[in-house]
Amino acid sequence: MNSILVPILAVTVIGLICGLLLAVASVVMEVKVDERITAVRECLPGANCGSCGYDTCREKAIAVCQGKAEISMCLPYLKDKAESFSDTIVKNTPNGLMVLNEALEVQQINGAALKIINLRRAEDIMGDLVVRVLDPKPFMEVLASGKPIRNQKTFLAEYGRYVEQTILYDKEYRLIICIMRDITDEEDIREKKEEISRRTVEIADKVVDKQMRIVQDIASLLGETAAETKIALTKLKETIEDE
């Protein structure tokens, strides 16, 4: 019995001693990780492309923490920042923006464009043909000719809106870009002014006709001509029309 217990106890004791030694060694030989390096490393894309001059993103992070490099000296990082900035502009611009591929399928659309075509979510049109929401003819013309259409006033009858439409074709990326500026309020104001001017001219016509009859009656009684009075009233009418 003792011959069995002794080896077991010996192995157990040796195991405990080894474990204790390993625990002590792990504490004594522990390599402390600089949390700043971890934070910087998380900001980098992790591509390990070497474009910054360092073999890995970790080496780049260490250099940044040591003051030997700038985090902005990273092409993928700058590209991501530029794309993020561009997305911010696209989302917040007051003009409608729509991007199509060469098959005239919607690839991107911002909130302003969704408002113009009365859609709530981009998912409702993404990947669909533009003919579903807009006349495809100007897009086809730009794609075929490569020449842009700039500030073309268009009435979108289905949505009851006037827009100034600019359409460009990017040959490098093979994309068609459409920018729409909603000018509905401006057109409404212009039409109201034209209506007021038209009514003013009509009223002036009636007044001129009435005054001419009165002048002619008076002139016939007095034996005088109404030519000078007619000329003056006609000039008044022309002045109103010019305004």
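Further up the page is the structure itself.
Here is a short report on the structure shown in this document. (Residues numbered from 1 in each chain as written. Predicted model: local features only at pLDDT ≥ 70, side-chain atom pairs only at ≥ 80, totals over all residues. Heavy atoms only, no water.)

### Considering helix H6 (residues 137-145)
Buried residues of H6: Pro138, Phe139 and Val142, and no others. Buried residues of H6, seen end-on, are gathered within an arc of 105° and therefore sit on one face of the element. Exposed side of H6, more than 90 degrees from the buried face: Lys137 and Ala144 are the residues found there. The inward-facing, buried residues of H6 contact strand E1 (96-101), strand E3 (149-156), strand E4 (161-170) and strand E5 (175-182). At the exit of H6 stands glycine 146, carrying a positive phi of roughly 80°. (Buried < 20%, exposed > 50% of the residue type's maximum accessible area, 1.4 Å probe, protein only. Helix = DSSP H or I, 4+ residues; strand = E, 2+ residues; numbered from the N terminus. Arc of directions from axis to C-beta. Contact = heavy atoms within 4.5 Å.)

### A look at the pairing of E4
For E4, the buried fraction is high: 7 of the 10 residues fall into the buried class. In this structure, E3 lies alongside E4, joined through 6 bridges in antiparallel fashion. Paired with threonine 154 across the strands is valine 163, a residue of E4. Connecting the antiparallel pair E3 and E4 is a turn made up of 4 residues, with glycine 160 showing a positive phi of about 65°. In this structure, the hairpin formed by E4 and E5 is closed by a connection of 4 residues, where arginine 174 is found at a positive phi of approximately 55°. (Pairing = 2+ DSSP bridges.)

### A word on the sheet that holds strand E2 (residues 106-109)
Spatial strand order, E2-E1-E5-E4-E3: 5 strands in an open sheet with antiparallel pairing. This sheet does not close on itself; its edge strands, each paired only once, are E2 and E3. Geometrically, the sheet is characterised by an average inter-axis angle of 25° between neighbouring strands, direction not taken into account. Relative to E2, E1 runs antiparallel, the two being bridged by 3 bridges. Note that in E2 the partner of methionine 98 across the bridge is isoleucine 109. (Axes fitted to C-alpha atoms, helices over the stretch in contact; angles between N-to-C directions.)

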